[in-house]
Amino acid sequence: MVWRTLSARMKELLPGRAADEFMSGLAALRLDEERIPALADVSRRLHAATGWQIARTPGLLDAHDFFTHLARRVFPCTDYIRGPHELDYTPAPDCFHDIFGHTPMIMHPRFADFYQKIGQAALACKDPAVEEGLTRIYWFTVEFGLVKNPGGLRIYGNGIISSSGETLHSLSEKTAKRPFVPEKTAAQPYDIWHFQDVLWVVDSFNHLEKEFVRWAKEHGLL
Ligand SMILES: [Fe+2]
């Protein structure tokens, strides 16, 4: 019921707002619109496309476990779904956020590689200040990133895509949009309880991966 409502709502909202790469990943996954999809099916399609797999996890993993999964091209997926009173936003990820929000982008080869590198870099990180920067980069790309598409500015961040309120807010005048530069993004604090004021824009997923690798190498993480 919650899945069906959220899925129908987002399918109406996303065309023209979500990145072309997200929309084609979503189409290729052929997610069930009526009920929570079987994780094994999603995992199989993901694996065929980019070599990633899904592991079911009961709740939030600690950071080390989470990044260990990513470094092995395994996406940890919660098996809980938000309540009907949380349709607009849930700060704790649920399976709508994880499956509908995250897996379509992992179908994209460049993003899939970038996502693994985030995991690898995080595991190599020893300096708390660099770790904080990495967490912010993660937040403002994977969860809240925007990309320039031929048709205009589009959303690829899963935290935005799995929330209709955040989807409308992110493309509005209410958010400042800045070009993604890892050094600058890493210096930008975020707030998980409110809509974001500043969002970062990548030119493409090649650009995202290239810039992230440059930053990570400069910090000895890759
Ligand atoms: Fe997420």
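Here's a quick rundown of the structure. (Residues numbered from 1 in each chain as written. Predicted model: local features only at pLDDT ≥ 70, side-chain atom pairs only at ≥ 80, totals over all residues. Heavy atoms only, no water.)

1. Considering the overall build of the protein
Within the protein, the secondary structure is distributed over eleven helices and six strands. Its C-alpha atoms give the protein a radius of gyration of 16 Å, within 12% of the compact-globule value 17 Å for 222 residues. Sorting the 222 residues of the protein into buried and exposed places 52% on the buried side. A separation threshold of at least 6 residues defines the contact pool for the protein, and within that pool the share at least 24 residues apart is 63%. Accessible surface for the protein amounts to roughly 10,100 Å². Of this, 55% is attributable to carbon and sulfur atoms. Charge centroids of the protein, computed over 25 positive and 28 negative side chains, lie 5 Å from each other. (Helix = DSSP H or I, 4+ residues; strand = E, 2+ residues; numbered from the N terminus. Rg over C-alpha atoms; globule rule 2.2 N^0.38 Å. Buried < 20%, exposed > 50% of the residue type's maximum accessible area, 1.4 Å probe, protein only. Contact = heavy atoms within 4.5 Å. Areas by Shrake-Rupley, 256 points an atom, 1.4 Å probe, with all protein chains shown as cover. Lys, Arg positive; Asp, Glu negative; His and termini not counted. Charge placed at Lys NZ, Arg CZ, Asp CG, Glu CD.)

2. Regarding the sheet that holds strand β3 (residues 146-149)
The sheet built from four strands is open, its strands ordered β4-β3-β6-β5 with mixed pairing. Pairing within the sheet leaves two strands with one partner each, and these edge strands are β4 (152-155) and β5 (176-179). Averaged over all adjacent pairs, the angle separating strand axes in this sheet is 40°, with direction ignored. (Pairing = 2+ DSSP bridges. Axes fitted to C-alpha atoms, helices over the stretch in contact; angles between N-to-C directions.)

3. A look at the packing of aromatic side chains
Enumeration over the complete set of coordinates arrives at 19 aromatic pairs. Plain terms: the ring middles of F66 and F67 are 5.5 Å apart, the flat faces sit at 70° to each other, and that makes the pair edge-to-face. On the numbers, 6.1 Å between centres and 85° between planes, the contact of F140 with Y190 is edge-to-face. Separated by 50 residues along the polypeptide, F140 in helix α7 (residues 128-143) and Y190 in the loop between α10 (182-185) and β6 (198-202) bring together distant segments of the chain. Taken together, W52, F66, F67, F75, F111, F114, Y115, Y138, Y156, F205, F212 and W215 form an aromatic cluster joined through their ring pairs. (Phe/Tyr/Trp six-rings, centres within 6.5 Å; stacked < 30°, edge-to-face > 60°.)

4. Observations regarding the coordination of the iron ion
Coordination of the iron ion by the protein is provided by H97 (NE2), H102 (NE2) and E143 (OE), with metal-donor distances spanning 1.9 to 2.1 Å. Read N to C, the donor residues that coordinate the iron ion are spaced as H-x4-H-x40-E. Highlighted residues: H97 in helix α5 (residues 95-106) and E143 in helix α7, separated in sequence by 46 residues. Grouping residues by exposure puts H97 and E143 together as buried. (Donors = N, O, S within 2.8 Å, 3.2 Å for Na, K, Ca; no water.)

5. Notes on the side chain of D98
If you trace the backbone, D98 turns up in helix α5. With sequence-adjacent residues up to four places away left out, D98 is seen in contact with F75, P76, C77, T78, P93 and T103.

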